[in-house]
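Each chain is listed here by its residues.
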Amino acid sequence: MSLSHVDMETARAYPPRVSAFTQTFWNALGEGRWITTCCKGCGRSTFPPKPVCPHCWSPDVQWTELSTRGTLYSWTRVHAAPAVFGAEAPYAVGIVDLSDGVRLACRLVETQGQPLRVDQPVEMLVLRYSDGPLFAARPAS
Ligand SMILES: [Zn+2]
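In this text the structure is predicted, and so the values were computed from the model without any measurement.

The rules behind each value
- Residues numbered from 1 in each chain as written.
- Predicted model: local features only at pLDDT ≥ 70, side-chain atom pairs only at ≥ 80, totals over all residues.
- Helix = DSSP H or I, 4+ residues; strand = E, 2+ residues; numbered from the N terminus.
- Pairing = 2+ DSSP bridges.
- Buried ≥ 20, exposed ≤ 12 C-beta atoms within 10 Å, placed from the backbone.
- Contact = placed C-beta atoms within 7 Å.

Caption draft 1: Representation of the environment of Trp-57 in the model. With respect to the secondary-structure elements, Trp-57 resides in the loop between strand 3 (45-46) and strand 4 (61-65). For the pair Trp-57 and Gly-41, spaced 16 residues apart in sequence, the C-alpha to C-alpha distance is 9.1 Å.

The structure is reproduced here in structure tokens:
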């Protein structure tokens, strides 16, 4: 299932460091695919993707699709942002529990008239900045 996207006018304020290993993730995200690594030994997925399983230390991992939907575990709105994100403040960030059990932190895209609340259904999406993609979540439609 392909992620929906929002086109952004600017470059990412704090671009991710892309390694030879994470290039696969960033390339997929740029194509609207939402993936991470899954351990072939214990079967658990982790996020962000890792070349070694943090649960059983197996180096035998494979790329797998992630659920694009989940619920909002917690969130906050940042008004006093670090200088690099100052132009974007105020903005919301949160912790999302994906329906396949992966928990992650990300930016939240707010929809006017649809306030954020704990436990609400959310969907992942791609923010297409001029220099590359970032992932975020928003209230599920
Ligand atoms: Zn494992």
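Caption draft 2: Representation of the sheet that holds strand 2 (residues 35-39) in the model. An order of 3-2-4 is seen for the 3 strands of this open sheet, with the pairing classed as antiparallel. At either end of the open sheet lies a strand with only one pairing partner, and these are strand 3 and strand 4. Note: strand 2 against strand 3, 2 bridges, orientation antiparallel. Among the inter-strand pairings, Cys-38 is bridged to a residue of strand 3, identified as Ser-45.

Caption draft 3: Spotlight on the environment of Thr-46. Structurally, Thr-46 can be placed in strand 3. For Thr-46, a count of 18 C-beta atoms within 10 Å corresponds to the partly exposed category. Once the C-alpha coordinates of Thr-46 and Thr-36 are considered, the two residues, 10 residues apart in sequence, prove to be 6.7 Å apart. What Thr-46 contacts, discounting residues up to four positions off in sequence, is Thr-36, Thr-37, Cys-53 and Pro-54.

Caption draft 4: Expanded view of unusual backbone geometry. Look at the link from Phe-47 to Pro-48: it is a cis peptide, with omega at 0 degrees. Mapping Pro-48 onto the fold places it in the loop between strand 3 and strand 4. The peptide bond linking Ala-89 to Pro-90 adopts the cis configuration, its omega dihedral lying at -5 degrees. Looking at where Pro-90 falls in the secondary structure, it is placed in the loop between strand 5 (69-78) and strand 6 (91-98). Non-glycine residue Trp-57 carries a positive phi angle of around 65 degrees. The backbone of Asp-119 sits at a positive phi, close to 75 degrees, despite the residue not being glycine. Under the C-beta neighbour-count criterion, Asp-119 is labelled exposed, with 10 such atoms within 10 Å.

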